[in-house]
Amino acid sequence: ALELLSRSIPQPDEDDLRSFEWYYLRRLCDGALKTHNPGGGRIYGTAYSPNGSRLAACAEDGKVRIWESTSSVLLGEFQADDRAVYSIVFSPNGKQIATGGQDSKIRLWSATDFQLHTVLEGHTDGVTCLAYSPDGKSLASGSEDTTVRVWDMAIGRLVGNVSGHEIGRAHV
């Protein structure tokens, strides 16, 4: 299996076309389970980058930590909120990270330098779940305020709202 996987490793002048599955199979071949212990209390959310090369986690200390998924090397961490961060997701192209937290805001970060680019406001309670549309043009957010909101990513504005869900954490 390792020999087959090694044939897919790109040369320096080639695009890396490996996806999550390649990295997953490679980790299975290692035979060792990797565990990250980032500190920061409870982990509320995790997300793989679209190609599976990075793993992100958000925690109750308000920090996001990102590792290289195969080596477990910490690539960076940043303070995403003063309070708990409940949800995290990579955009489909892997260039952006969205976080949602206890303060009811959604923050959009660069996935390369971890700089904050946009803050989306509209929920009135903690943002517990996030999901990008497959084309990355929309972002859905769920909240403890019992609403699901849909955001247009090109203009950073709310374009849809559904209310009436039961209180509690759920995923969109």
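Residues numbered from 1 in each chain as written. Predicted model: local features only at pLDDT ≥ 70, side-chain atom pairs only at ≥ 80, totals over all residues. Heavy atoms only, no water.

Thoughts on the sheet that holds strand β4 (residues 74-79)
A sheet is described by the order of its strands in space; here 4 strands give the open sequence β1-β2-β3-β4, paired in antiparallel fashion. Because the sheet does not close on itself, it has two edges, and the strands there are β1 (43-48) and β4. On average, each strand axis in the sheet is tilted by 15° relative to the strand beside it, whichever way the strands run. When β1 meets strand β2 (residues 54-59), the two strands line up antiparallel, connected through 5 bridges. Residue T46 lies in a different strand from β2, and its bridge partner there is A57. (Pairing = 2+ DSSP bridges. Helix = DSSP H or I, 4+ residues; strand = E, 2+ residues; numbered from the N terminus. Axes fitted to C-alpha atoms, helices over the stretch in contact; angles between N-to-C directions.)

Description of unusual backbone geometry
Backbone geometry at S104 places phi at a positive 75°, although glycine is not the residue there. Examined against the element boundaries, S104 turns out to sit in the loop between β6 (96-101) and β7 (106-110). The phi torsion at F114 lies on the positive side, around 60°, for a residue other than glycine. With respect to the helices and strands, the residue F114 is situated in the loop between β7 and β8 (116-120). Classification of F114 as buried rests on a relative accessible area of 15%. (Buried < 20%, exposed > 50% of the residue type's maximum accessible area, 1.4 Å probe, protein only.)

Section: the sheet that holds strand β12 (residues 157-163)
Pairing within the open sheet is antiparallel, and its 4 strands lie in the order β9-β10-β11-β12. The sheet terminates laterally at β9 (127-132) and β12, the two strands that pair on one side only. This sheet shows a mean twist of 20° between the axes of neighbouring strands, independent of strand direction. When β9 meets strand β10 (residues 138-143), the two strands line up antiparallel, connected through 5 bridges.

Remarks on the pattern of salt bridges
As enumerated under the stated definition, the model contains 6 salt bridges in all. Salt-bridge contacts for R107 lead to D81; the nearest nitrogen and oxygen are separated by 3.8 Å. Of this pair, R107 sits in strand β7 while D81 sits in the loop between β4 and β5 (85-90), and the two are 26 residues apart along the sequence. Exposure remark for R107: the relative accessible area of 14% places this residue in the buried category. Among the salt bridges present, the one from R107 reaches D103, with a minimum N-O distance of 2.9 Å. Salt bridges sharing partners connect three or more residues here, namely D61, K63, R65 and E77. (Salt bridge = Lys/Arg side-chain N within 4 Å of Asp/Glu carboxyl O.)

Some points on a nonpolar patch on the surface
A cluster of nonpolar side chains, namely F20, Y24, L25, L28 and Y48, defines an oily patch on the protein surface of about 460 Å² accessible area. Of the residues forming the nonpolar patch, the biggest block, 4 residues, is contributed by helix α2 (residues 20-30). (Patch = residues over 30% accessible without salt bridge, like charges linked within 9 Å, V, L, I, M, F, W, Y side chains within 5 Å. Areas by Shrake-Rupley, 256 points an atom, 1.4 Å probe, with all protein chains shown as cover.)

Some thoughts on the pairing of β8
Strand direction decides the pairing type here: β7 and β8, joined by 4 bridges, are antiparallel. Paired with L108 across the two strands is T118, which belongs to β8.

Some thoughts on the confidence of the model for the protein chain
Summing up the model confidence of the protein chain, the mean pLDDT is 87 and the portion of residues at 70 or higher is 88%. Within the protein chain, no element has a lower average pLDDT than α2, which sits at 75, and none a higher one than β7, at 97. (pLDDT = per-residue confidence, 0-100.)

Brief notes about the packing of aromatic side chains
By the definition in use, this model includes 3 aromatic pairs. Arranged with centres 4.5 Å apart and planes meeting at 45°, the rings of F78 and W109 form a pair that is tilted. Residue F78 is located in strand β4, and its partner W109 is located in strand β7; the two are separated by 31 residues in the primary sequence. For F78, a relative accessible area of 8% gives the class buried. Among the aromatic residues, those joined into a ring-pair cluster are F78, W109 and F114. (Phe/Tyr/Trp six-rings, centres within 6.5 Å; stacked < 30°, edge-to-face > 60°.)

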